[in-house]
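# A closer look at the structure
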Amino acid sequence: MSEAGGGPGWGFPVPQRAPWSLVAATAALCLVSATSVWPAGAAPMSREERQKLGNQVLEMFDHAYGNYMEHAYPADELMPLTCRGRVRGQEPSRGDVDDALGKFSLTLIDSLDTLVVLNKTKEFEDAVRKVLRDVNLDNDVVVSVFETNIRVLGGLLGGHSLAIMLKEKGEYMQWYNDELLQMAKQLGYKLLPAFNTTSGLPYPRINLKFGIRKPEARTGTETDTCTACAGTLILEFAALSRFTGATIFEEYARKALDFLWEKRQRSSNLVGVTINIHTGDWVRKDSGVGAGIDSYYEYLLKAYVLLGDDSFLERFNTHYDAIMRYISQPPLLLDVHIHKPMLNARTWMDALLAFFPGLQVLKGDIRPAIETHEMLYQVIKKHNFLPEAFTIDFRVHWAQHPLRPEFAESTYFLYKATGDPYYLEVGKTLIENLNKYARVPCGFAAMKDVRTGSHEDRMDSFFLAEMFKYLYLLFADKEDIIFDIEDYIFTTEAHLLPLWLSTTNQSIPKKNTTSEYTELDDSNFDWTCPNTQILFPNDPLYAQSIREPLKNVVDKSCPRGIIRVEESFRSGAKPPLRARDFMATNPEHLEILKKMGVSLIHLKDGRVQLVQHAIQAASSIDAEDGLRFMQEMIELSSQQQKEQQLPPRAVQIVSHPFFGRVVLTAGPAQFGLDLSKHKETRGFVASSKPYNGCSELTNPEAVMGKIALIQRGQCMFAEKARNIQNAGAIGGIVIDDNEGSSSDTAPLFQMAGDGKDTDDIKIPMLFLFSKEGSIILDAIREYEDVEVLLSDKAKDRAAILKGKMIPNYIINSNPEMESEEQPSSENDPPNQSAEQIITSSSQDPDLAEQAAPEERALSPPPEPAGAPSPAEMDNAANISPSEQNSDPTENHESTSLGGECTDLDDQPQEPSETEEDSNPNVSWGQKAQPIDSILADWNEDIEAFEMMEKDEL
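Now for a quick tour of the structure. (Residues numbered from 1 in each chain as written. Predicted model: local features only at pLDDT ≥ 70, side-chain atom pairs only at ≥ 80, totals over all residues. Heavy atoms only, no water.)

## Thoughts on the packing of helix 8 (residues 234-244) against helix 10 (residues 294-307)
- Between helix 8 and helix 10, the shortest axis-to-axis distance is 10 Å and the interhelical angle comes to 20 degrees. Our classification of the angle between helix 8 and helix 10 gives roughly parallel. For helix 8 against helix 10, the interelement crossing comes out right-handed. Of the residues in helix 10, those in contact with I234, L235, E236, A238 and R242 of helix 8 are Y299, K302, A303, L306 and L307.
- Grouping the constituent residues of the contact of helix 8 with helix 10 by class yields seven nonpolar, no polar and three charged. (Axes fitted to C-alpha atoms, helices over the stretch in contact; angles between N-to-C directions. Helix = DSSP H or I, 4+ residues; strand = E, 2+ residues; numbered from the N terminus. Parallel < 35°, antiparallel > 145°, perpendicular 65-115°, else oblique. Left-handed = near helix turned anticlockwise from the far one by under 90°. Contact = heavy atoms within 4.5 Å. Nonpolar A, V, L, I, M, F, W, Y, C, P; charged D, E, K, R; others polar.)

## Focus: unusual backbone geometry
- The omega torsion of the bond from Y73 to P74 falls at 10 degrees, within 30 degrees of zero and hence cis.
- Looking at the element boundaries, P74 is found in the loop between helix 1 (47-72) and strand 1 (77-79).
- The residue D178 is not glycine, and still its phi comes out positive at about 65 degrees.
- By secondary structure assignment, the location of D178 is in the loop between helix 5 (145-169) and helix 6 (179-191).
- When its relative accessible area of 30% is taken as the criterion, D178 is described as partly exposed. (Buried < 20%, exposed > 50% of the residue type's maximum accessible area, 1.4 Å probe, protein only.)

## What about the side chain of E236?
- With respect to the helices, strands and loops of the structure, E236 is situated in helix 8.
- Comment: no salt bridge for buried E236; closest opposite-charge side chain is K302, at 9.1 Å.
- Within the structure, E236 has its side chain in polar contact with the side chain of Y299 (distance 2.6 Å).
- In this view, E236 contacts N149, I150, L153, G154, L157, Y299 and T491; residues no more than four positions away in its chain are not counted. (Lys, Arg positive; Asp, Glu negative; His and termini not counted. Salt bridge = Lys/Arg side-chain N within 4 Å of Asp/Glu carboxyl O. Polar contact = N/O pair within 3.5 Å; in protein donor to acceptor, adjacent residues only side chain to side chain.)

## Some details on the packing of helix 6 against helix 8
- Contact geometry for helix 6 and helix 8: axes closest at 11 Å, N-to-C directions at 125 degrees. As the angle between them shows, helix 6 and helix 8 are arranged oblique. The element helix 6 and its partner helix 8 pack so that their crossing is left-handed. Residues L181, A184, K185, G188 and L191 of helix 6 lie in contact with helix 8, whose contacting residues are F237, L240, F243 and T244.
- Split by residue class, the contact of helix 6 with helix 8 holds six nonpolar, two polar and one charged.

## Quick notes on the packing of aromatic side chains
- Applying the stated criterion across every chain, the model contains 32 aromatic pairs.
- An angle of 75 degrees between the planes, with centres 5.9 Å apart, marks the rings of F355 and F356 as edge-to-face.
- Arranged with centres 5.9 Å apart and planes meeting at 80 degrees, the rings of F717 and F749 form a pair that is edge-to-face. Residue F717 is located in helix 24 (residues 717-726), and its partner F749 is located in the loop between strand 27 (731-735) and strand 28 (750-751); the two are separated by 32 residues in the primary sequence. For the pair formed by F717 and F749, the shared burial category is buried.
- One aromatic cluster in this structure is built from F61, Y65, F444, F463 and F468.
- In this structure, R129 is placed above the aromatic ring of W175, and the distance from its NZ or CZ to the ring centre is 4.2 Å. (Phe/Tyr/Trp six-rings, centres within 6.5 Å; stacked < 30°, edge-to-face > 60°. Lys NZ or Arg CZ within 6 Å of the ring centre and 35° of its normal.)

## Considerations on the sheet that holds strand 25 (residues 681-687)
- The seven strands lie next to each other as 24-23-30-25-26-27-29, forming an open sheet whose pairing is mixed. A single partner strand is all that each edge strand has here, and the edge strands are strand 24 (662-666) and strand 29 (765-768). Taken over all neighbouring pairs, the strand axes of this sheet differ in orientation by 35 degrees on average, direction set aside.
- Bridge count between strand 23 (residues 649-653) and strand 30 (residues 787-791): four bridges; the pairing is antiparallel. Considered in strand 30, the bridge of Q652 is made with L789.
- Contacts from helix 24 reach strand 26 (707-711), strand 27 and strand 29 within the one sheet, and its direction differs from that of strand 26 by about 145 degrees.
- Sheet contacts for helix 25 (residues 770-782): strand 23, strand 24, strand 25, strand 26, strand 27, strand 29 and strand 30; angle to strand 24, the most-contacted strand, approximately 140 degrees. (Pairing = 2+ DSSP bridges.)

## As for helix 13 (residues 366-383)
- Here helix 13 contains 18 residues, and its C-alpha end-to-end distance of 26 Å stays within 8% of the 26 Å for a straight helix at 1.5 Å per residue.
- Taken across its 18 residues, helix 13 has 16 buried, putting it largely inside the fold.
- Of the residues trailing helix 13, N384 is marked for its positive phi of about 75 degrees. (Expected span 1.5 Å × (residues − 1).)

No statement about biological role is implied by the geometric values presented.
Take a look at the structure:
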């Protein structure tokens, strides 16, 4: 799935009948079958253990799905921390992420075919009846065309596919008469107006009730869309045409794919991330296999499988050759510029590329799939989950993890391709981490920060549509599934479409449009299945031998040699000048800058300004070196500017009945005890009097030896800290006085000092937004004694509860959550235009801003949803003479692989505007749950664990 939201779930079932199989009529898709040998020391997992893990997946799904139906339905998604539904317009806007929500019970529709895969046919029948009875597709809501297609249209078609299968079997769904298909057709017609452009590329958004460009539609003015958004339609639209006989849907989707193919960069055969839907000009010219492009490549290969059209395979193979030539730098997959594909566009990777090893398995290219998958697994082993983005030296770049399923998907396909039990152990780790770190009483909560273990009040529909499906299939035997999974193809949201559609209602002419645009070398294409001896040698240690060099790539050493050495430094020439080595007083460096088209200007205040004009470079290679130098200088400057910013902290409720399972994201203070350098602080909480903490406390006996709760406002943070410290408090939590504020939507808040010496403050101080603070306050109202842990990151529950009489099911035996400290952050490396300007200085930026007349806070500005385009960038940074001669052994720059590994992690920020509900006539009551109701749910959760323990699950 692309950056529009969600996670790419796609796939194709691996044939068991033979090592290689022809599928979907003329489609020759090459897949490696499961082998019967295993690496030494990796014994096959017993059937009993696989059944146990499969049953555990079923229980986890029941926990997520049951809580959605109880606390959220008919809302689109569940908010698992507050046990209520997420209703569009009634919660603070999350930006583009909310475009997936259309008031059409998204999670229920997205989960339909998962119910059948998990052999929950009765629940499936009940769910279909609810969809037909309750779901309305005519809401006055602006939704993403991409998300609505893959989640809702795909969900309805997947549900229809399995409904007719069950009906044919004769036991279930005997009453069914294509009702889901009729709903899908209705939705398909609602999406068609989005294609009303000269190019045939769809608008990115549409109003379900009013369509496009009408005043009441509130959309239709957009000019850009992502490549995946326009190129991930063909499976659902073609299936709708094949099911109904209405050819218009497949025609529109094909036209969009044809246009994208025509607009590819001809010399590199790559496509950009964002394109103008009217002119076809590339808006963002960086190219990769992650967010914004991912499922475009996936759908080219799968369109060939489902539709039997050779042109789709030709296009995919052409793109794949370019990907492996330019983007693949094993084990990494790094974005490049489409016009200069030898030049990396950024030095970090996003989590959505985790689908690519699975796609490589479908292609039959096993070795790079194993390499990239193993690299990703090593990142997961360090952080428990895959961060939204991480750098080439494996530092966290964006710290969130919304429970994406892409890695589980690739794990499933690699296991089916290799039969290596190693991948079963990988799947077991995923299950354990989900239960240990993401499971909460009302479902599974996304990770706000993988470093601290804090949660986000979010459980996306794709979690139920994809994650449990792939995990269950990973451990299931063929007889565990009530239908033949090999007869279906997975969409990008893991919805199932039957392969017999390839020969049904074939009214679309199979015109090979590929040859109109390029001369193709047939030797590039795999028209027949390759010999298994070539792809997967008859060696039980083959996969292990590929993985072994990558075992310590994350934890014990920085990766070396992974950055392309362009043209072998041009036949023996010196390597290009790096930003970290640059000295403005070195004549040789100045001469190198001149060759690269970079001019140096001395300013009156002692600073220097760097300006690049690519046309003034000595050669195109020198111009690329100059572009890289400027990017490195920007990253170096950005890092220096953010050195004063602190990472988030964690407040963990450890008393009964929470036992460490609730973790709240907290803002740090620039004074007091540094929790990253000292042991965590643990104690019971007590409210201070006065609550604002701005004067001497009148209840010192109540806060003595405890962690004081204080409200923000009316005086400086440092003054509050001194007052509670004088009263004997061992720590303080400041709760925001802005009602409704939340870490889900607001940037990280850092408490600044009062401009005076704050060395006298010895206790830790943390800041909670209103929503997180209310969780503690509600707990106090229900239970007088509430104990919390203040730390730099969430602690393992086994360590928290050591020595206490706690049931075994509360404590998981997984390794400790503790990981290396990651002290600061790093900016996104921006894409640069041919002319760039950098101004640098060593002066520390004044990051503190006036938050209120009486207090200040440090709050980094929100980052944009996507990487900026070259046209949008006006880069400025400061370099002073003292910085120009910095110690070259110090690794300031993220692309440097020769220095010591450090963790300088970044966090994305999100907008906090609130979107108004445009349809007041629709009543969507929020199911807010009091603490006693939440605890009742928790008791049910505990009982389930007890039953599992009793049954030895």
